[in-house]
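Reading the structure
The primary structure of each chain is shown beneath.
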Amino acid sequence: MRQEEIYGYELSARLSEYGLNFVSEGSIYPVLLRLQKENLIVGKLKESPNGPPRKYYRLTEEGHRALDGFRREWTELKAAVDRILQLGEDGR
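Residues numbered from 1 in each chain as written. Predicted model: local features only at pLDDT ≥ 70, side-chain atom pairs only at ≥ 80, totals over all residues. Heavy atoms only, no water.

- The name an unreviewed UniProt entry gives the protein is PadR family transcriptional regulator, with Hydrogenibacillus schlegelii as the organism.

If you want it as C-alpha cells, here you go:
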C-alpha cells in the first residue's frame, strides 16, 4: 500500500474501515493539502470513470522517510505506554 495512489474520499473510507470512524472526509482534504505543501505527498489529477476527475495522492521520497521516522517514534511511544499500563496493572 505504500506505493499506491489514493484519492481523498477513498482514503477517508479506508480509515473508517480500519476503525478511525471519527476522521471525516472533510477533514482529510486540509491534511492532504498540508502534506503536499510539505512535499510529503504529491497529487495528480486523473480522469474518473464515474464523474469528474479525481486527484490521486502518493508519497514522495521525503514522505517515505517521514513515514519511516513516524513508525520508529510510534513504536517507541507504544512500548513506553505499554510499560506504564503494565506497571499500573501490577500495582493493583
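Having seen it, we continue.
**Some details on the pairing of strand S3 (residues 51–59)**
- Note: strand S1 (residues 6–7) against S3, two bridges, orientation antiparallel. By the bridge assignment for S3, Tyr-7 is matched with Tyr-56. (Pairing = 2+ DSSP bridges. Helix = DSSP H or I, 4+ residues; strand = E, 2+ residues; numbered from the N terminus.)

**Observations concerning the packing of aromatic side chains**
- Applying the stated criterion across every chain yields a total of two aromatic pairs.
- Between Tyr-7 and Tyr-56, the ring centres sit 5.2 Å apart and the planes meet at 70 degrees, which makes this aromatic pair edge-to-face. Here Tyr-7, found in strand S1, pairs with Tyr-56, found in strand S3; they are 49 residues apart in sequence, far enough to count as distant. As far as burial versus exposure is concerned, Tyr-7 and Tyr-56 are alike and both buried.
- Geometrically, the ring pair formed by Phe-70 and Trp-74 is stacked, given 6.3 Å between the ring centres and 20 degrees between the ring planes. Pair noted here: Phe-70 and Trp-74 are both in helix H3 (residues 61–90), with a separation of four residues, about one helical turn.
- Seen from the ring of Tyr-56, Lys-46 lies directly overhead, with NZ or CZ sitting 5.5 Å from the centre. (Phe/Tyr/Trp six-rings, centres within 6.5 Å; stacked < 30°, edge-to-face > 60°. Buried < 20%, exposed > 50% of the residue type's maximum accessible area, 1.4 Å probe, protein only. Lys NZ or Arg CZ within 6 Å of the ring centre and 35° of its normal.)

**A look at the confidence of the model for the protein**
- Mean pLDDT for the protein: 91, with 96% of residues reaching 70 or above.
- Element-level pLDDT for the protein is lowest in helix H1 (residues 8–17), with a mean of 92, against a maximum mean of 95 in S3. (pLDDT = per-residue confidence, 0-100.)

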